[in-house]
Amino acid sequence: MFDWRTIKKIDAHIHILPDAVHEANPDSDDVWANADLHMYRTMMDGLGVEKAIIMPLNDPWLMSMEFTIDAVHKNLYEMKLRYPGKFYAFADIDTRNTPAESVEAIHKATQEYGLDGIKIHPNNTGIDLDSAYNQAIFAYAQEQQIPVAIHSYPNTENDRSAAYRIVNVLEKYPDLTVIVSHMGAHQWEQLLPTRAYVDISAILPDYVRTYGIAKTNEILRSFGADRLIFATDYPDSRILEPDEIYGSYFDMLNQMVFTKEEAEQIAFGNMEKILNK
């Protein structure tokens with residue numbers, strides 16, 4: 001037997017706001033007050049989280065006080081530097097810029113600031129995932145072998161982050177490394193035939209509440225341990241309070257049928273492979 005609490009993990013999807021944003025909003029009392037780098041670092045060892053990936057929100061108003069893409073990327077870079085070896089960070093996009101300008105910003109973020117991937121949140125950008133705007137970003141990411149995390153928690157069949165749009169992208173960019181955040185939610189079956197990785201951030205408790213443990217385990221296992229990635233979306237996990245997230249995740253996963261080797265692959269190995277590609 002093994003315990004997901006103690007197994008070594010990379011949490012592949014967390015949100016942290018820069019210190020300057022917290023300082024500018026001292027009276028904040030929502031979940032984002034918990035999106036604090038120093039607070040999170042003190043939690044990691046007790047949770048078995050060896051490293052974590054800070055995901056931006058495609059919203060410069062949340063990730064900087066200068067409200068520019070370069071300021072966001074500098075903030076992410078400085079977070080990585082604050083605790084060396086503990087955090088990765090993915091580059092942001094700001095659709096006020098042209099596609100060419102977004103590619104230039106990603107180039108600078110990855111080459112000069114050492115960021116580790118790209119995050120696209122179609123519902124926050126207001127642009128369909130498979131739209132013309134994103135094509136230059138996908139082409140650049142494929143060429144440079146940069147992983148792309150795509151938010152997909154669609155509410156409708158034609159949602160901006162709908163699963164079929166991810167399929168379209170994967171077909172057009174066959175060498176692109178894609179991590180589908182939240183597993184495409186309740187459109188997960190459309191992703192089964194693809195090669196995309198899927199992370200279980202936010203969606204795991206939703207699945208368990210909707211389908212129960214046994215069916216959720218079946219859904220996860222249908223993707224295979226080589227495509228699943230441990231992630232939580234801390235501190236904003238939709239149906240859980242921030243202080244409930246990790247304990248609930250561990251309790252749910254401990255009830256599922258995975259070998260220790262599979263759990264290690266999901267918890268650490270798959271994301272380590274992507275980051276070291």
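Residues numbered from 1 in each chain as written. Predicted model: local features only at pLDDT ≥ 70, side-chain atom pairs only at ≥ 80, totals over all residues. Heavy atoms only, no water.

All right, on to the overall build of the protein chain then. The helix and strand inventory of the protein chain stands at 12 helices and eight strands. Against the globule reference of 19 Å for 277 residues, the protein chain gives a C-alpha radius of gyration of 17 Å, in line with a compact fold. With the principal axes as the frame, the protein chain shows a C-alpha extent of 50 × 45 × 35 Å. Of the accessible surface of the protein chain, which amounts to about 11,600 Å², a share of 48% is contributed by carbon and sulfur atoms. Between the mean site of the 24 positive side-chain charges and the mean site of the 42 negative ones, the protein chain shows a separation of 5 Å. (Helix = DSSP H or I, 4+ residues; strand = E, 2+ residues; numbered from the N terminus. Rg over C-alpha atoms; globule rule 2.2 N^0.38 Å. Areas by Shrake-Rupley, 256 points an atom, 1.4 Å probe, with all protein chains shown as cover. Lys, Arg positive; Asp, Glu negative; His and termini not counted. Charge placed at Lys NZ, Arg CZ, Asp CG, Glu CD.)

Our next topic: the packing of helix α9 (residues 203–211) against helix α11 (residues 245–254). Contact geometry of α9 with α11 gives a least axis separation of 10 Å together with a crossing angle of 55°. Between α9 and α11, the crossing angle belongs to the class labelled oblique. Between α9 and α11 lies a crossing whose hand is left-handed. Listed contacts from α11 to Ile 203, Leu 204, Pro 205 and Val 208 of α9 are Tyr 249, Met 252 and Leu 253. Tallied by class, the residues present in the contact of α9 with α11 amount to seven nonpolar, no polar and no charged. (Axes fitted to C-alpha atoms, helices over the stretch in contact; angles between N-to-C directions. Parallel < 35°, antiparallel > 145°, perpendicular 65-115°, else oblique. Left-handed = near helix turned anticlockwise from the far one by under 90°. Contact = heavy atoms within 4.5 Å. Nonpolar A, V, L, I, M, F, W, Y, C, P; charged D, E, K, R; others polar.)

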